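Tertiary structure, described
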Amino acid sequence: NLANAYVTAGKPKDALPIFLPALKSVEKTYGRTHIKIASILVNLSNTHYTLGDYKSQLTVLLRALRVKEAHYGKNHWQLIAVLSNLGVAFGKNGQASRSKDNIQRAYNLAKVHYGKEHVKTASILVNLGVANGKVGNFAEMRDGIEEALKILQKHHDRHKISKAMTNLANAYGKLGEYSAQKSLLQQACKIKVALYGETHPLVAKTLTNLAHTHGHLGEFKEKYELLKQTKNIFDTYYGESLNADMVWVSIDLAWMHEEMGDAKASVSGLKGVIRKLEKNLSLPREALIVALINLAEILCRRPAEETPEIHLERSLCLMDSIGYPESHVHRVRARHVLQEMRAKTRKSLNPKV
């Protein structure tokens, strides 16, 4: 209870030293597969999620599911929450198909146990919509979340309504409807500020989405200012800790420094993020790939101070190790930057070309 209170109070780092000894104590008393273990694992996974450590969240939830399935069977309503959370964790770790499969399973169980109009069922439908988006089914994503939002609005749960609005806005963005996306994100942000205050990471995550929407609408100054605001919130809330959300915002902000004419700050910011990603292997490797490509592209635009090719080669080696197909968007972009760099080199060697 004390650990959960720390998480609720916005101090997830203080919760870990409590959860881990509690888990070991219960394991020693009851064994590693006792059902009492499952509730501690679920709470621990929520702490990892709050800290942005999605890899650890996934590992803990997989164990929790095994414990619950062994105790209840595979079609019991007690599996609903852990399946839904597990699907979200798979999505955060880039496993879109497994994300959708687990959330679909949770939704099917929820409809039977709670009914289709129940707030818990609607919340899972939001997660299912997000999972559909991750596999490219953006129209299904929009339709599912719109259906869920109507149910949630009947229950007047502002937290769940704001979450649904944010995800519905993302669906509109994927479909190119940026004005609708902007309106929904602004509404969601107002609700979250009222619920949590202006400096909460949930507000920052919505501001990040809103920043990118401004970018799609050509409102680059607004995007730049929102990203700076978001980074300040994350820095204040998490301190020296580093998580995926902070990394992505740092990469986005570094790129925007370049777009706003401050190439020096852009290069410095990207190199700083790359150093941190190299030291912390629990953070998403995709972020390191994007940071390396961004750095190479920015260096390619500048007078020759260092070769960008080494950064592109590193990004391509990482994509090889992960197994990205040749058609992957990051591979395509890396090859494009490499072609630009080689064309620039040829032109400098033979100005008449």
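This text follows the structure it describes.
For the structure given in this document, a descriptive report is provided here. (Residues numbered from 1 in each chain as written. Predicted model: local features only at pLDDT ≥ 70, side-chain atom pairs only at ≥ 80, totals over all residues. Heavy atoms only, no water.)

Let us look at the overall build of the protein chain. A tally of helices and strands in the protein chain yields 17 helices and zero strands. Its C-alpha atoms give the protein chain a radius of gyration of 22 Å, within 12% of the compact-globule value 20 Å for 353 residues. Viewed in the frame of its principal axes, the protein chain has a C-alpha envelope of about 75 × 45 × 40 Å. Restricting the contact set of the protein chain to residue pairs at least 6 apart, pairs at least 24 apart contribute 57%. Taken as a whole, the protein chain presents about 17,800 Å² of accessible surface, with 53% of it coming from carbon and sulfur. (Helix = DSSP H or I, 4+ residues; strand = E, 2+ residues; numbered from the N terminus. Rg over C-alpha atoms; globule rule 2.2 N^0.38 Å. Contact = heavy atoms within 4.5 Å. Areas by Shrake-Rupley, 256 points an atom, 1.4 Å probe, with all protein chains shown as cover.)

It is the contact of helix H7 (residues 119–134) with helix H8 (residues 138–155), at a shortest axis distance of 8 Å, that shows an interaxial angle of 160 degrees. Put simply, H7 runs roughly antiparallel to H8. The interaxial crossing formed by H7 with H8 has left-handed handedness. Residues Val-119, Ala-122, Ser-123, Leu-125, Val-126, Gly-129, Val-130, Asn-132 and Gly-133 of H7 lie in contact with H8, whose contacting residues are Phe-138, Glu-140, Met-141, Gly-144, Ile-145, Glu-147, Ala-148, Ile-151, Leu-152 and His-155. (Axes fitted to C-alpha atoms, helices over the stretch in contact; angles between N-to-C directions. Parallel < 35°, antiparallel > 145°, perpendicular 65-115°, else oblique. Left-handed = near helix turned anticlockwise from the far one by under 90°.)

This structure, assessed with the given rule, holds three aromatic pairs. Ring centres of Tyr-237 and Tyr-238 lie 5.0 Å apart, and the angle between their planes is 80 degrees; on these two criteria the pair is classed as edge-to-face. Just above the ring of Trp-255 sits the side chain of Arg-333; from NZ or CZ to the centre is 5.5 Å. (Phe/Tyr/Trp six-rings, centres within 6.5 Å; stacked < 30°, edge-to-face > 60°. Lys NZ or Arg CZ within 6 Å of the ring centre and 35° of its normal.)

Membership of the largest hydrophobic core comes to 65 residues, with the highest contact counts inside it found for Ile-124, Leu-152 and Met-165. For Leu-152, the residues in contact, after removing those within four places along its chain, are Val-119, Ala-122, Ser-123, Val-126, Asp-157, Lys-160, Ile-161 and Ala-164. Judged by nonpolar contacts, the second largest core, of 30 residues, contains Ala-291, Ile-293, Leu-299 and Met-341. (Core = buried A, V, L, I, M, F, W, Y, C linked by side-chain atoms within 4.5 Å. Buried < 20%, exposed > 50% of the residue type's maximum accessible area, 1.4 Å probe, protein only.)

Okay, helix H6 (residues 96–113) next. With 18 residues, H6 extends 26 Å from end C-alpha to end C-alpha; this agrees with the ideal 26 Å at 1.5 Å per step. Taken residue by residue, H6 has Ala-96, Ser-99, Asn-102, Ile-103, Ala-106, Tyr-107, Leu-109 and Ala-110 as its buried positions. Buried residues of H6 fall within an arc of 170 degrees about the axis and therefore sit on the same side. As for H6, its buried residues are in contact with helix H4 (54–72), helix H5 (80–92) and H7. Following H6 by one or two positions, Gly-115 adopts a phi angle in the positive range, close to 100 degrees. (Expected span 1.5 Å × (residues − 1). Arc of directions from axis to C-beta.)

Quick look at the environment of Gly-269 now. Tracing the sequence through the fold places Gly-269 in helix H14 (residues 263–279). Residue classification places Gly-269 among the partly exposed residues on the basis of a relative accessible area of 24%. When the C-alpha atoms of Gly-269 and Leu-195 are compared, they prove to be 32 Å apart, with 74 residues separating the residues in sequence.

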